[in-house]
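A structural walkthrough
Residues per chain are reported as follows:
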Amino acid sequence: MSDKPTFITSNQPLLTAAQIAEITVKYRKRLAALMAVDDGVESVIQKLQAIGKLGNTYILYISDNGWYAGEHRIAAGKESFFEESIRLPFVVRGPNVVHTTNTKLVSDVDIAPTIVDLADASETITFDGRSLVPILEGGNPAWRTAIRVDGTLDYDPVIPGTPAFDAIRTTRYTYAEHDNHQKELYDLLLDPYELLNKAGTAAYTAVQADLATKLGQLRNCTGLNCWITAPETAP
């Protein structure tokens, strides 16, 4: 933990055996609750099929956020930038949707322009995201290499004393700037569990500078300015 910001090292003790037991019970209960979600999805599909609408109906299946269950010493919560919080399942079913898995960086800002595109409607506002239709139909369009993670902390933070933050998730890195001026940088290629903070290290000086520039671009962007396709910087 010595490489973490001070608000983490001073407020994140090891989880106790009692906490781990409670996390385990709650996790199993969530798995059990998902059975009801499966039943609900099945009933919707069956109804659409019964009324003859399944063939021209799009179904978007997504969660609003992830949830911690002990990772990074966080017993519960969602307001952070680690993968457990920001990486979500997203499944789309409908006409012309290719049955495949895609790993492009998709954000919730893409959902509205996708629905507008599918409905053959017209935009009345400027979207920060892009339509996913070309991807859903099996295309391989040039795509973003970075998305912003807004850490305004509208709810109680998952770690006591956590300052607000701005973060960026790229195809390889996660980089965060906290309001107390401390920073975190994780190389997901070499450290997929985000355990080793590389911010401030000599080997990642160029990487950090590049990520800070990209984060600055996304912080106050609108429309086309919210689209970054620049390649990654290697350490």
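The structure this text deals with has already been given above.
In what follows, the accompanying structure is described.

Calculation rules
- Residues numbered from 1 in each chain as written.
- Predicted model: local features only at pLDDT ≥ 70, side-chain atom pairs only at ≥ 80, totals over all residues.
- Heavy atoms only, no water.
- Helix = DSSP H or I, 4+ residues; strand = E, 2+ residues; numbered from the N terminus.
- Expected span 1.5 Å × (residues − 1).
- Buried < 20%, exposed > 50% of the residue type's maximum accessible area, 1.4 Å probe, protein only.
- Arc of directions from axis to C-beta.
- Contact = heavy atoms within 4.5 Å.
- Disulfide = S-S within 2.5 Å.
- Pairing = 2+ DSSP bridges.
- Axes fitted to C-alpha atoms, helices over the stretch in contact; angles between N-to-C directions.
- Salt bridge = Lys/Arg side-chain N within 4 Å of Asp/Glu carboxyl O.
- Patch = residues over 30% accessible without salt bridge, like charges linked within 9 Å, V, L, I, M, F, W, Y side chains within 5 Å.
- Areas by Shrake-Rupley, 256 points an atom, 1.4 Å probe, with all protein chains shown as cover.
- Lys, Arg positive; Asp, Glu negative; His and termini not counted.
- Charge placed at Lys NZ, Arg CZ, Asp CG, Glu CD.

1. Here's the deal with helix 6 (residues 205–219)
The end-to-end C-alpha separation of helix 6 is 21 Å, in line with the 21 Å expected for 15 residues at 1.5 Å each. Listed as buried for helix 6 are V207, Q208, D210, L211, K214, L215 and L218. End-on view of helix 6: buried residues confined to an arc of 160 degrees, all on one side of the axis. The exposed set on the far side of helix 6, more than 90 degrees from its buried face, consists of T205 and T213. Of the surrounding elements, those touching the buried residues of helix 6 are strand 3 (146–151), strand 4 (165–170), strand 5 (173–178) and strand 6 (183–187).

2. Looking at the state of the cysteines
Evaluation of the coordinates by the stated rule reveals one disulfide. Note that C221 is cross-linked by a disulfide to C226, the S-S spacing being 2.0 Å. With the S-S dihedral at roughly 110 degrees, the linkage between C221 and C226 falls on the right-handed side. Taken as a pair, C221 and C226 share a single burial class, namely buried.

3. Digging into the pairing of strand 4
For strand 4, the buried fraction is high: six of the six residues fall into the buried class. Of the two faces of strand 4, the one carrying F165, A167 and R169 and the one carrying D166, I168 and T170 are both buried. Here six bridges tie strand 3 to strand 4, and the two strands are oriented antiparallel to one another. Along strand 4, the bridge assignment pairs D150 with D166. Here strand 4 pairs with strand 5 via five bridges, running antiparallel. Its bridge partner lying in strand 5, I168 is registered against Y175. Hairpin connection of strand 4 to strand 5: two residues between the antiparallel strands.

4. Overview of the sheet that holds strand 3
Here we have four strands laid out as an open sheet, ordered 3-4-5-6, and antiparallel in their pairing. In this open sheet, the two strands that pair with only one neighbour each are strand 3 and strand 6. Across the sheet, the mean angle separating the axes of adjacent strands is 15 degrees when strand polarity is ignored.

5. Looking at the pattern of salt bridges
All told, the structure shown has 11 salt bridges when counted by the stated rule. One salt bridge in this structure joins D150 and R148, with 3.7 Å as the shortest N-O distance. The partly exposed category is assigned to D150, whose relative accessible area is 44%. Here the residues in one salt-bridge network are R148, D150, D166, E177 and R219, joined through shared partners.

6. Some thoughts on the pairing of strand 5
Among the six residues in strand 5, six count as buried, and that is most of the element. Residue alternation in strand 5 divides its side chains into two sets, Y173, Y175 and E177 and T174, A176 and H178, and both sets are buried. In this sheet, strand 6 lies alongside strand 5 in antiparallel orientation, the contact comprising five bridges. Counterpart to E177 in the pairing with strand 6 is K183.

7. Describing a negative patch on the surface
Side chains of D117, D120, E123 and E137 sit close together on the surface and give a patch of like negative charge. Mapped onto the secondary structure, E137 falls in the loop between helix 5 (133–136) and strand 3.

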